[in-house]
There are 2 protein chains.
Amino acid sequence: VEQPEQAIARKPMLRALAGEVMTRPPIWLMRQAGRYLPEYRAVRKNVADFLELCFSPELAIEVTLQPIRRYGFDAAILFCDILVVPYGLGQKVAFREGEGPVLEPVRNVADLASLDPAPVRERLAPVYQAVRGIAAALPLAVALIGFAGSPWTVATYMVEGGTSRDFQTIRLWAYGDPEGFSRLIDLLVTATVEHLSAQIDAGVEIVQLFDTWAGILPEAAFRRFVIEPTRRIVAALSLRHPGVPIIGFPRGAGCLAEAYATETGVTAIGLDATMPLGVARDRLQRLRPVQGNLDPLLLVVGGAAMAAQARAILAALSGGPFVFNLGHGIVPQTPPDHVQRLVDIVRHG
Amino acid sequence: VEQPEQAIARKPMLRALAGEVMTRPPIWLMRQAGRYLPEYRAVRKNVADFLELCFSPELAIEVTLQPIRRYGFDAAILFCDILVVPYGLGQKVAFREGEGPVLEPVRNVADLASLDPAPVRERLAPVYQAVRGIAAALPLAVALIGFAGSPWTVATYMVEGGTSRDFQTIRLWAYGDPEGFSRLIDLLVTATVEHLSAQIDAGVEIVQLFDTWAGILPEAAFRRFVIEPTRRIVAALSLRHPGVPIIGFPRGAGCLAEAYATETGVTAIGLDATMPLGVARDRLQRLRPVQGNLDPLLLVVGGAAMAAQARAILAALSGGPFVFNLGHGIVPQTPPDHVQRLVDIVRHG
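Each chain carries its own residue numbering, running from 1 in the direction its sequence is written. Here every chain gets a letter starting at A, and every ligand a number starting at 1, in the order they are written. The predicted origin of the model limits local features to residues at a pLDDT of at least 70 and limits the giving and counting of side-chain atom pairs to 80 or more, whereas totals for whole chains, interfaces and linings rest on all residues. No hydrogens and no water enter the side-chain calculation; it runs on all heavy atoms of the structure.

Asks: It is not clear to me how the overall build of chain A should be interpreted in this structure. Could you clarify?
Replies: Helices and strands together make up the secondary structure of chain A, namely 17 helices and nine strands. On C-alpha atoms alone, chain A measures out to a radius of gyration of 19 Å, which is about the 20 Å that the 2.2 N^0.38 rule sets for 349 residues. On the principal axes, the C-alpha backbone points of chain A span a range of 55 × 45 × 45 Å. Relative accessible area decides the class of each residue, using a 1.4 Å probe on protein chains only: under 20% of the type maximum gives buried, over 50% gives exposed, and in between gives partly exposed. In chain A, which comprises 349 residues, the share counted as buried stands at 61%. Contacts between residues were defined by any pair of non-hydrogen atoms, one from each residue, lying within 4.5 Å. Excluding contacts between residues fewer than 6 apart, the proportion of contacts in chain A whose partners are at least 24 apart in sequence is 74%. Two residue types count as positive, namely Lys and Arg, and two as negative, namely Asp and Glu; His and chain ends fall outside the count. For charged residues, the charge sits on one atom: NZ in Lys, CZ in Arg, CG in Asp, CD in Glu. Separation between the mean location of the 33 positive side-chain charges and that of the 34 negative ones in chain A comes to 4 Å. By definition, any uninterrupted DSSP run of H or I lasting at least four residues is a helix, any uninterrupted run of E lasting at least two residues is a strand, and each is numbered from the N terminus. The reference for a compact globule is 2.2 Å times residues^0.38; the radius of gyration itself is calculated from the C-alpha atoms.

Structure below.
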């Protein structure tokens, strides 16, 4: 049986998250398995529904591995979606072409009666089966990342009924009835711990918590609905799975990123593209390994503009523990050869 | 003829912007003239188009004065819209009910040929006529604020063709062809200086630059497309109209708010609701008077939650130069009596 130290030694991603300063940082990209890849589109066109892709282990394994084969990233990230957790809780979730996710919204405490965290592991079993297949297939130096949405971000979709522009419904509930809203957050903490724990049991070596909409909240609400639930998830996972690194990605946290980094207990912090590199280096990287933060639109533009910003990020952050990534997910119109160029810059300068 | 010192002495808003620490800070609210007021809706229902309301001086005067009559705010803000500048430049702008603004987009340098800043003052003459009427009608202690959108934010609407969720089109242009995109920014700097200068000539005593979408940019682009054009507008206005305070509102600027406050030369900085009060007090209020930052959704919720946050803001920021405001505009579903309650808290504790 391999010792954890051996796995860390041969996986650059695990070394960086353990605090090692690398000559060349590891690289992976959020949404690296996705529509910008022709081989992904070829798989996707044969399934009717996006969730069907997440719940078909053979297909999820295939699309997870595609970018590893093409680019040799230092980490694979399970192909899945943050909305499998509401699905696992019993909420109706659909993905409509060109429209994004549509959920039958929950908007008050009474609505929560329809949600049950008990069957989450069972309902999401195909996801963990995919994890086992990916773990078995990955090259030895490549780490496997599992993930979930953070309770606040998942709750925005559950309450708004999909993507929102202004998040008014959820804020009115959270501000006007914080005790009732906290019951939804509590349900999500429970379900998220189960979902991530099951992924780890099946073979993921790192988990990332995506908090895409962390940045819309004032400080008091950020502390209550972003930091505190994240802290509880990190504490529960650390007890059950000591040593498994947890990356928190509080997109748009701005001046509250420092509080998030220290108070949640996450191993490392993901930075969105608006985080100034000076702040990232001087305030955040002192506290934790950092990950980020090229604007995905610069990856679409490519050329000198992309290269200059990628080099600026490397110059600022390579002096401490660091994982190169984007500041948000790859967008579908990204030319695949721009991704190769970025990998070359990070690997070879 | 009244001396400027006399005007400042009797207007709390001007005193706070001059750096005075007030026992009770002045208060006004972004979008205080608007759909949450029944008297506004009564005027609005008689005009076909939103722009018609902006360009009918009698009506613009009336709706500007409505919240002053009802609440006795310390400042009136001209009723207008940031998209009158693209209209003045010759772009087609329409407001469709329930859909927001729709513009015929400009997306490259060739498209800019259709835009001309020369006739801005003439095309927007009815706006300045409204300013004269408001200035003549305001109570002596109430200051009159004029405004414009900042070039970056106005450009988002001009390039995306309306409100956007992801701002991909404008970012691709700005990152991929920064020289060409800068020509649009330059046009907007020129037109914005003219538009604000004309408002000041007609009687506004303060101007605010709304940069609603400042928060989506990485640092390098923020410096080039937010800070630098704002600095040029501030410099030009300060030459033509020395002593007229300029409030900058870079919504979502996060960790870059300090750079914005010092490098643009604005008199005061507006804070959105996500700005932590500790940062506002310790880092920003040391540099400039600050304005903000109650979440508008807390004004909808009202009651103890609103009162607690309003008092937290007052406790944090009343020790320095400060103007009480929201962190963004009032939303239409706000109960008017919640606004009265907020004014009472700020005025009487």
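Asks: Whenever I open this one, the sheet that holds strand E1 (residues 75-77) of chain A confuses me. Can you help?
Replies: What holds strands together in a sheet is hydrogen bonding between their backbones, with the strands either parallel or antiparallel. Residues and elements named next belong to chain A. Pairing is parallel in the open sheet, where seven strands are placed in the order E1-E4-E5-E6-E7-E8-E9. At either margin of the open sheet sits one strand with a lone partner, and together these are E1 and strand E9 (322-326). Taking each pair of neighbouring strands and ignoring which way they run, the sheet shows an average axis angle of 25°. Of the pairings in the sheet, the one linking strand E4 (residues 143-149) to strand E5 (residues 206-211) comprises five bridges and is parallel in character. Paired strands, as defined in this entry, are two strands with at least two bridges between them according to DSSP. Interaxial angles span 0 to 180 degrees and are taken between N-to-C directions of axes, which are lines fitted to C-alpha atoms, for helices over the stretch in contact.

Asks: Sorry if this is basic, but what is going on with the side chain of arginine 44 of chain A here?
Replies: All names here are of chain A. Here arginine 44 is to be found in helix H3 (residues 38-44). Since its relative accessible area comes to 17%, arginine 44 is described here as buried. A polar contact of 3.0 Å, which involves the side chain of arginine 44, links it to the backbone oxygen of valine 47. Other than its neighbours up to four places away in sequence, arginine 44 contacts Asp49, Phe50, Leu53 and Glu97. We call two N or O atoms a polar contact when they sit within 3.5 Å, provided that within protein one can donate a hydrogen and the other can accept it, with sequence-adjacent residues counted only if both atoms are side-chain atoms.

Asks: What is the right way to look at the interface of chain B and chain A in this model?
Replies: Many descriptions give the size of an interface as the accessible area lost when the pieces come together. Each side of the interface is counted separately: chain B has 32 residues, and chain A has 32 residues. When two parts are brought into contact, each loses some accessible area as probed by a 1.4 Å sphere; the total of that loss over both is the buried area. Across the chain B/chain A interface, buried area totals approximately 2,600 Å², and carbon plus sulfur atoms make up 64% of it. Salt-bridge detection follows one rule: a side-chain nitrogen of Lys or Arg within 4 Å of a carboxyl oxygen of Asp or Glu. The interface formed by chain B and chain A holds two salt bridges in total. Its salt-bridge partner being arginine 171 of chain B, residue aspartate 295 of chain A comes within 3.0 Å of it at the nearest N-O pair. At the junction of chain B with chain A, the criterion picks out eight residue pairs in polar contact (both at pLDDT 80 or more). Those elements that place two or more of their residues in the side of chain B that touches chain A are helix H10 (168-176), helix H14 (277-284) and helix H15 (296-301) of chain B. The greatest single-element share of the side of chain B that touches chain A, amounting to five residues, is contributed by H10 of chain B. When residues are sorted by character, Ala, Val, Leu, Ile, Met, Phe, Trp, Tyr, Cys and Pro go into the nonpolar class, Asp, Glu, Lys and Arg into the charged class, and all the rest, Gly among them, into the polar class. A class-by-class count of the residues in the side of chain B that touches chain A yields 18 nonpolar, eight polar and six charged.

Asks: Even after reading the chapter, I still don't get the environment of leucine 187 of chain B, so can you show me in this structure?
Replies: Residues and elements named next belong to chain B. Checked against the element boundaries, leucine 187 lands in helix H11 (residues 178-202). When its relative accessible area of 15% is taken as the criterion, leucine 187 is described as buried. Expressed as a C-alpha distance, the spacing of leucine 187 and leucine 112, which sit 75 residues apart in the sequence, is 8.8 Å. Setting aside residues up to four positions removed in sequence, leucine 187 forms contacts with Leu112, Leu115 and Pro117.

Asks: Even after reading the chapter, I still don't get the pattern of salt bridges, so can you show me in this structure?
Replies: Side-chain pairs of opposite charge can arise whenever the charged atoms involved come near each other. Enumeration according to the criterion identifies 36 salt bridges over all chains in this entry. In this structure, arginine 223 of chain A engages glutamate 219 of chain A in a salt bridge whose closest nitrogen and oxygen atoms are separated by 3.1 Å. Taken together, the residues span about one helical turn, with arginine 223 of chain A and glutamate 219 of chain A both in helix H12 (residues 219-240) at a distance of four residues. Under the relative-accessibility criterion, glutamate 219 of chain A is labelled partly exposed at 24%. Across the salt bridge formed by arginine 240 of chain B and glutamate 194 of chain B, the nearest N and O atoms sit 2.7 Å from each other. One end of the pair, arginine 240 of chain B, is in helix H12 (residues 219-240); the other, glutamate 194 of chain B, is in helix H11, with 46 residues separating them in the sequence.

Asks: Even after reading the chapter, I still don't get H11 of chain B, so can you show me in this structure?
Replies: Every α-helical turn comprises 3.6 residues, leaving residues that sit three or four positions apart pointing alike. Residue and element names in this part refer to chain B. Given a helix with a known number of residues, its expected span is that number minus one, times 1.5 Å. Between its first and last C-alpha, H11 extends 35 Å over 25 residues, near the 36 Å set by a 1.5 Å rise per residue. Of all 25 residues in H11, 18 are buried; the element is thus mostly enclosed. Of the residues trailing H11, glycine 203 is marked for its positive phi of about 130°.

Asks: Is there a simple way to explain the relation of the copies chain B and chain A in this structure?
Replies: Copy one and copy two of the chain differ by a rotation about a common axis and a shift along it. Least-squares fitting of chain B to chain A yields an RMSD of 0.0 Å, with the transformation described by 0.0 Å of translation along the axis and a rotation of 180°. In short, the pair behaves as if placed about a two-fold rotation axis. Considering only C-alpha atoms, the residue of chain B closest to the rotation axis is glycine 254 of chain B, which sits at 2.3 Å. A shared binding surface is used by both copies, with 100% of the interface residues of chain B retained as interface residues in chain A. Superposing the copies works by least squares over the C-alpha atoms of residues that have pLDDT at least 70 in both of them.

Asks: Explanation requested: the sheet that holds strand E9 (residues 322-326) of chain B in the structure shown.
Replies: Residue and element names in this part refer to chain B. Strand order across the open sheet formed by seven strands is E1-E4-E5-E6-E7-E8-E9, with parallel pairing between neighbours. If you trace the sheet from one side to the other, it starts and ends with strand E1 (75-77) and E9, each paired once. Within this sheet the neighbouring strands show an average axis-to-axis angle of 25°, counted without direction. Sheet topology note: the strand E8 (residues 290-294)/E9 ladder contains five bridges and is parallel.

Asks: Would you mind showing me how to read the pairing of E5 of chain A here?
Replies: The side chains of a regular strand alternate, residue by residue, between the two faces of the sheet. All names here are of chain A. Of all the six residues making up E5, six are buried; the element is thus mostly covered by neighbouring parts of the structure. Of the two faces of E5, both are covered, the one formed by Ile206, Gln208 and Phe210 as well as the one formed by Val207, Leu209 and Asp211. The path from the first strand over the helix to the second decides the hand: if it runs clockwise while the strands point away from the viewer, the crossover is right-handed. For the segment spanning E5, H12 and strand E6 (residues 246-250), crossover handedness is right-handed.

Asks: Is there a simple way to think about the side chain of serine 56 of chain A in this case?
Replies: Residues and elements named next belong to chain A. Turning to its location among the elements, serine 56 is positioned in the loop between helix H4 (50-54) and helix H5 (57-71). Relative accessible area serves as the criterion here: at 18%, serine 56 is assigned to the buried category. A distance of 2.6 Å separates the side chain of serine 56 from the backbone oxygen of glutamate 52, its partner in a polar contact.

Asks: Any chance you could explain the state of the cysteines here in plain terms?
Replies: One covalent bond between the sulfur atoms of two cysteine residues makes up a disulfide. Cysteine sulfur pairs qualify as disulfides if the two atoms are within 2.5 Å. Under the counting rule described, the total for this entry stands at zero disulfides over all chains. A disulfide-free cysteine, cysteine 255 of chain A has its sulfur positioned 4.3 Å from the sulfur of cysteine 255 of chain B, the nearest such atom. Cysteine 80 of chain B carries a free sulfur, and the closest cysteine sulfur to it, the one in cysteine 54 of chain B, is 4.8 Å from it. Judged by its relative accessible area of 10%, cysteine 80 of chain B falls in the buried class.

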